[in-house]
Amino acid sequence: MDHQRMAANLGDAEAIPSASQIAASYFPGLGSQNETWMRAEIQRLLDHWFDWRRDLFPQDRRIAAAAPPADPVARHLITERLDELARALTAETPTHTPRYIGHMKAEVSLPALFGWLAAMLHNPNNTSREASRVGAVIESEAIAMLAQLLGYDPSKAEGHFTSGGTVANFEAVWRARYRLDHWLSLGLHLSEKTGWPLDVFACAHMGWGRFGELRREHGLDDQTLRRCSAAAGNPTDVYRRISRAAGRDYLGPVLLVAGNKHYSWLKAANVFGLGEEALWSIALDGEGRLDVADLDRLIKRARGDGRPVLMAVAVAGTTETCEIDPVHTVHDLLERWEREQGLHIWRHVDAAYGGFLAGIVGGPDEATLSPGSATALGALGRADSLTIDPHKLGYVPYACGAFLTRDRARYAVSGFDAPYLDRSELGPDKWSSTLEGSRSAAGAAAIWLTGKALGFGPEGLGALLAQSVRSAREFAGAVMTAHDDVRVLTPIDANIVCFSLGRQGEPLSSANRRTGALFDAIHASPDLSVSKTTLGEGYRRLIDRHAEGFSALLDEQRLVLIRCVFMNPYLSQPEARSRLFNEFGRMVRLLADATH
Ligand SMILES: *Cc1c(COP(=O)(O)O)cnc(C)c1O
């Protein structure tokens, strides 16, 4: 996309299109201004598709001509029911308007919609290149675009599209478990052979380098290691043998995830059979972000307990409040463990929500982010693996998440064959290395077209997202001046604003009740949609700090918040912000007085 040309056409002196220009050109338009153009594009897509079908096998025209015409009754039935469906859907939550600031959802972009529709018409199954000649290639190219955005070397990174962030996170656990299982299997084998006591923690984190050396030195083949693998063999038997070799009960690996984690991590602990006990929460600091000193403490505790660390997870853009964990200091810490102790711990960043914010970094809008957030987002590429959700800040239709690894070795998962060797036998097919089997190419095509037509960097989507952060801050100012009791949760790392009510000296339980009542009152109005969240025990330090702001009596350890997500593209128009933020302020002023 020639941004300079676009900006020049729009009569703007700046070379980079503004966020409101992007909103106007890359979305349907709040007043459906792009309706005529959209209809023409969709018509053109259908033209391409019908031409292709008609011309493909000319020798079959006679067969086609002999087919009976559509049965008028069936046609009538479909038309009627389709009308019924279309009418029913008009009652759907209107998330395209900037009056909807409830959840992580807004209008999808035009390139995403067109790309999605184009792929849908052909409906390839990206499970293999045979079933998807073009879709699979588009997927590889789209993954390379996301890799570039996230700071991976696109020529080395691997990945695929998933149904969402939940499955992408599962993909990471699957790979981390596979790697750890290999290393520990080798340790167990050597210990059983030599009678040396097994150091579970050291073996489980030995690294591929050491693994390769030991394997060569002892001439171990895959069959031998398989017999020591909890993944390939019988886990109960293998755990029992590990206990015997280590001279203490082996309780299995732990998963270290910050206390601000998404629910999907709890699901992962269940699905992978770790048990919820194995999910160790990393403490949060007073700003609600991962406390790196506590991560270090937990790793030491795991080592002391003889339990490997399956992976350490930081979050870039938490689901509740969009806090951005200090990803860079997490990497610093774990790289130090690697360098000084030779212990390799899998590092995953759950950037399901915040990943696209990396497109702001390095451009003219970088200062929109706090220096800490910008550095954290700039460090995403140091992770072993990443989750990003195009169906959130990528403005792509559901269901579209993505999972990426830094390189091919980290991506390997199927079979027990050594992944540190060249896995060319894996071929380009994905079926053996994705949790999901059949997969759509539509999300990949949506990202592909967005990347080609808009781009994810500071001159493209990044500019729109930078404005979303500014809009969030502007809203925070507006709602704070609306009523004396409004307490905005700080810091605001990106485009989610949370606030509560709280009178000076009021018990927290009462403030929570009033905030809940305010939410119910807003919720009862059809004009504006917000969401509500309750921060619990994990956020103790943040809750304390927030409550201190109005000298609250801390009579309970939870904080009820009204949550507003500012991803709607049309809020980049100043007119939309001033009108809607004023309306919201008036509503809060009226309703807050009525709460008790
Ligand atoms: C949304 C989200 C997920 C889960 O993604 P789905 O697409 O809903 O499966 C995981 N982690 C974080 C941080 C999220 O915001």
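Residues numbered from 1 in each chain as written. Predicted model: local features only at pLDDT ≥ 70, side-chain atom pairs only at ≥ 80, totals over all residues. Heavy atoms only, no water.

Caption draft 1: Summary view of the packing of aromatic side chains. For the structure shown, the criterion picks out 14 aromatic pairs. With a centroid separation of 6.3 Å and an interplanar angle of 80°, the aromatic rings of Trp37 and Phe114 are classed as edge-to-face. Of this pair, Trp37 sits in helix 3 (residues 35–56) while Phe114 is found in helix 6 (residues 110–122), placing the two residues 77 residues apart along the sequence. The class of Trp37 is partly exposed, set by a relative accessible area of 38%. Given the relative accessible area of 11%, Phe114 is considered buried. Seen from their ring centres, Phe170 and Phe272 are 5.9 Å apart, and the 80° between their planes marks the pair as edge-to-face. One end of the pair, Phe170, is in helix 8 (residues 165–194); the other, Phe272, is in the loop between helix 13 (264–271) and strand 3 (279–282), with 102 residues separating them in the sequence. Here Phe170 and Phe272 have matching classes, each one buried. The ring of Tyr411 carries Arg175 above its face, with NZ or CZ at 4.4 Å from the centroid. (Phe/Tyr/Trp six-rings, centres within 6.5 Å; stacked < 30°, edge-to-face > 60°. Helix = DSSP H or I, 4+ residues; strand = E, 2+ residues; numbered from the N terminus. Buried < 20%, exposed > 50% of the residue type's maximum accessible area, 1.4 Å probe, protein only. Lys NZ or Arg CZ within 6 Å of the ring centre and 35° of its normal.)

Caption draft 2: The domain arrangement of the protein chain, seen in detail. Segmenting the protein chain into domains produces domain 1 (165–388) and domain 2 (467–594). In this complex, domain 1 contributes 24 residues to the contact, which on the side of domain 2 involves 20 residues. Each partner contributes to the roughly 1800 Å² buried at the junction of domain 1 and domain 2, and carbon and sulfur atoms together form 49% of this total. Our enumeration of links across domain 1 and domain 2 arrives at three salt bridges. We note a salt bridge from Arg470 to Asp365, for which the minimum N-O separation is 3.2 Å. Inspection of the domain 1/domain 2 interface yields eleven residue pairs in polar contact (both at pLDDT 80 or more). Its residues assigned to classes, the side of domain 1 that touches domain 2 shows eight nonpolar, nine polar and seven charged. (Domains from an automatic or database assignment. Contact = heavy atoms within 4.5 Å. Buried area = accessible area lost by both parts, 1.4 Å probe. Salt bridge = Lys/Arg side-chain N within 4 Å of Asp/Glu carboxyl O. Polar contact = N/O pair within 3.5 Å; in protein donor to acceptor, adjacent residues only side chain to side chain. Nonpolar A, V, L, I, M, F, W, Y, C, P; charged D, E, K, R; others polar.)

Caption draft 3: Region of the structure containing the environment of Leu214. Position of Leu214 relative to the elements: it lies in helix 10 (residues 207–217). Placed 28 residues apart in sequence, Leu214 and Leu186 show a C-alpha to C-alpha distance of 8.2 Å.

Caption draft 4: Region of the structure containing the pairing of strand 5 (residues 347–351). Among the five residues of strand 5, five are classified as buried, and the element is accordingly described as predominantly covered. Covered by surrounding structure in strand 5 are Arg347, Val349 and Ala351 together with His348 and Asp350, the residues of both alternating faces. Following the chain from strand 4 (residues 309–315) across helix 15 (residues 327–341) to the adjacent parallel strand 5, one finds a crossover that is right-handed. For strand 5 and strand 6 (residues 385–388), the ladder comprises four bridges, and the chain directions are parallel. (Right-handed = clockwise from strand over helix to strand, strands pointing away. Pairing = 2+ DSSP bridges.)

Caption draft 5: Examining the pattern of salt bridges more closely. For the structure shown, the criterion picks out 38 salt bridges. Where Arg61 meets Asp55, a salt bridge forms, and the shortest distance between an N and an O atom there is 3.7 Å. Arg61 sits in the partly exposed class, given a relative accessible area of 47%. A salt bridge links Glu192 to Arg241; the nearest nitrogen and oxygen atoms lie 2.8 Å apart. In this pair, Glu192 sits in helix 8 while Arg241 sits in helix 12 (residues 235–246), placing the two residues 49 residues apart along the sequence. Among the residues examined, Glu192 registers a relative accessible area of 37% and is labelled partly exposed. By relative accessible area, Arg241 is classed as buried at 12%. One network of salt bridges, in which partners are shared, links Asp332, Glu335, Glu338, Arg347 and Arg382.

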